[in-house]
Structures are given as C-alpha cells and as structure tokens.
Amino acid sequence: FDINKQTVMMVIRRLEYDDLEKRVEWLNDERVNSTLNIALPVSLESTKAWFERNIDNDKRIDFSFEEDGVIVAMGGYTDIDKEKGEAELYIFVDPGQKGKGIGFRSVRLMCDYAFDTMGLNKIILYANGDNAAARHLYEKIGFVLESVVEGGIENHGVAKDQYYYGLTRN
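Residues numbered from 1 in each chain as written. Predicted model: local features only at pLDDT ≥ 70, side-chain atom pairs only at ≥ 80, totals over all residues. Heavy atoms only, no water.

> Now, about the overall build of the protein chain: what can you tell me, with residues and values included?
Looking only at helices and strands, the protein chain has five helices and seven strands in total. Listed N to C, the secondary structure of the protein chain is β-α-α-α-β-β-β-α-β-α-β-β in terms of helices and strands. Against the compact-globule benchmark of 15 Å for 170 residues, the protein chain has a radius of gyration of 16 Å, which places it among compact chains. Principal axes of the C-alpha set define a box for the protein chain whose edges measure 50 × 40 × 35 Å. The buried share of the protein chain, taken over its 170 residues, is 45%. Partitioning the contacts of the protein chain with sequence separation of at least 6, the portion at a separation of at least 24 is 60%. When the accessible surface of the protein chain is summed, it comes to about 9,900 Å², and 47% of that surface belongs to carbon and sulfur atoms. Distance between charge centroids for the protein chain: 3 Å, based on 21 positive and 30 negative side chains. (Helix = DSSP H or I, 4+ residues; strand = E, 2+ residues; numbered from the N terminus. Rg over C-alpha atoms; globule rule 2.2 N^0.38 Å. Buried < 20%, exposed > 50% of the residue type's maximum accessible area, 1.4 Å probe, protein only. Contact = heavy atoms within 4.5 Å. Areas by Shrake-Rupley, 256 points an atom, 1.4 Å probe, with all protein chains shown as cover. Lys, Arg positive; Asp, Glu negative; His and termini not counted. Charge placed at Lys NZ, Arg CZ, Asp CG, Glu CD.)

> Outline the pattern of salt bridges, supporting the account with residue identities and numerical values.
Side chains that differ in charge, positive against negative, can pair when their charged atoms come close. This model, assessed by the stated rule, comprises nine salt bridges. Where Arg-13 meets Glu-66, a salt bridge forms, and the shortest distance between an N and an O atom there is 2.9 Å. With Arg-13 in strand S1 (residues 10-14) and Glu-66 in strand S2 (residues 61-67), this pair connects stretches of sequence that are 53 residues apart. Accessibility classification places Arg-13 together with Glu-66 in one group, the buried group. Each of the salt bridges in this network shares a partner with another, and the network as a whole consists of Arg-13, Glu-16, Asp-19 and Glu-66. (Salt bridge = Lys/Arg side-chain N within 4 Å of Asp/Glu carboxyl O.)

> I'd like to hear about the packing of helix H1 (residues 20-27) against helix H3 (residues 44-54), residue by residue, with values.
How two helices sit against one another is set out by the angle between their axes and by the gap between those axes. Relative to each other, H1 and H3 sit at 120°, their axes nearing to 10 Å. Relative to H3, H1 is oriented oblique. The way H1 lies across H3 gives a crossing that is right-handed. Contacts from Leu-20, Glu-21, Arg-23 and Val-24 of H1 reach H3 at Leu-44, Thr-47, Lys-48, Trp-50 and Phe-51. Residues of the contact of H1 with H3, tallied by class, amount to five nonpolar, one polar and three charged. (Axes fitted to C-alpha atoms, helices over the stretch in contact; angles between N-to-C directions. Parallel < 35°, antiparallel > 145°, perpendicular 65-115°, else oblique. Left-handed = near helix turned anticlockwise from the far one by under 90°. Nonpolar A, V, L, I, M, F, W, Y, C, P; charged D, E, K, R; others polar.)

> Describe the nonpolar core, and please don't skip the residues or the numbers.
Residues Phe-65, Tyr-77, Leu-89, Val-107, Ile-123, Tyr-138 and Phe-143 are the most contacted members of the largest nonpolar core, which totals 30 residues. For this core, the secondary-structure elements that each account for two or more residues are S2, strand S3 (70-81), strand S4 (86-93), helix H4 (102-117), strand S5 (122-128), helix H5 (132-141) and strand S7 (158-168). If you tally residues by element for this core, the top one is H4, at six residues. Grouped together as the second largest cluster of nonpolar side chains are 14 residues, Leu-15, Val-24, Leu-36 and Val-42 included. (Core = buried A, V, L, I, M, F, W, Y, C linked by side-chain atoms within 4.5 Å.)

> Let's hear about the packing of aromatic side chains: which residues, and what values?
By convention here, two paired aromatic rings are described through the distance between centres and the angle between planes. Applying the stated criterion across every chain yields a total of eight aromatic pairs. Grouping aromatic residues by their ring pairs yields a cluster made of Trp-26, Tyr-90 and Phe-92. Here the guanidinium or amino end of Arg-135 rests over the ring plane of Tyr-163, the centre of that ring lying 4.2 Å away. Directly above the aromatic system of Phe-104 lies the positively charged group of Lys-140, at a separation of 5.0 Å from the ring centroid. (Phe/Tyr/Trp six-rings, centres within 6.5 Å; stacked < 30°, edge-to-face > 60°. Lys NZ or Arg CZ within 6 Å of the ring centre and 35° of its normal.)

> Got a sec to walk through the pairing of strand S6 (residues 144-155)? Specific residues and values, please.
Relative to S7, S6 runs antiparallel, the two being bridged by eight bridges. Paired with Val-149 across the two strands is Gln-162, which belongs to S7. Between the antiparallel neighbours S6 and S7 lie two residues, among them His-156 with a positive phi of about 55°. (Pairing = 2+ DSSP bridges.)

> Please set out the layout of surface pockets residue by residue, giving values where relevant.
In this model, the largest pocket occupies a volume close to 1,200 Å³. In terms of lining, the largest pocket is formed by 41 residues, of which the most central are Thr-35, Leu-36, Tyr-90, Ile-91 and Phe-92. At the level of elements, H1, H3, S4, H4, S5 and H5 are the ones that each hand at least two residues to the lining of the largest pocket. Split by residue class, the lining of the largest pocket holds 22 nonpolar, 13 polar and six charged. (1 Å grid on protein atoms, 1.4 Å probe; cavity = no way out; pocket = protein on both sides within 12 Å on 5 of 7 lines; lining within 4 Å. Points joined across faces, edges and corners; volume = space filled by probe spheres on them.)

Here is the structure:
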C-alpha cells in the first residue's frame, strides 16, 4: 500500500485544430511511427487538410487525452459502422511518456465511450506483430486475438505480421 500514490485524472475530448502541431510532432517521431503504418514525413499542412476533410465525417472520431491539462495521447475510431455496431480503434501516446500507463488509461476510456456513448457492440484493432507492448496492453484490457496474417502489412518497407483483435460489449 503506497499512501503517496496519486490518482491520475484523464480527460478525453475531441481532437482540436490546436492539437495538430503536437500530432505531427509525435507522428514524425520514430518511437511512434515505427509502430504505425503511415507515410512519412507527416506535414502540418497535410494534417490540417486531413483535419478539415474529416470534421463532418461520421465514419470516424478523433480524440486527444489530457492529464493535468497536458495532452498525453491521441486516438480515435475509424471505419465506424453504425449498422454493424463496430469501429476500429487506434491510439498513440506521447513518445516521452511511454511506460506510464497512459495507453492503458486512454484505451479504457475509449472503450467506455464506444460502448456507453456510441452504442457500439464491438471494437476492432490491428497491431503489428513486432509491437509486443501494444499487444500486451490490448490483451490486458480484454481484447481477444482473432487472427494473424503473416506478412499482412508493410511498415516502412518491411513486411510484418498483422494481429487482428476484437473486444465485444461485456
């Protein structure tokens, strides 16, 4: 029992225009982009255009996560299918804050939001096979490995296995 342990309050909110500079910084950081399947480099101009294109897109929702007023992670849902009650989750954490439970807290908040607010029945996600930390996190939260596609994704010119996970309501 640690009496000095403090409870961390995380806030989930919609991604805002003012968050885009930090998003670009993180996405261009090797500690983040080595686990994501994105084209590099990411520019602020292309990210602003992406943001503007997706403001009214009902197939996705993007979030920022704050602790003590500081953005510590970004994530969201893509391919939202209201008929099937499914969406695909993505998350990335401030590269200077990894290993502090931020990913766990962020994903838990997003799952609660998906089931309680969005009314989804299932959350899906994909992880690169070499991203053991992410796979461990998802399994700890309750995601179930549904399949593995060997060499299923190209990540910066290298074929990697792709792990498919799902989490259903209750």
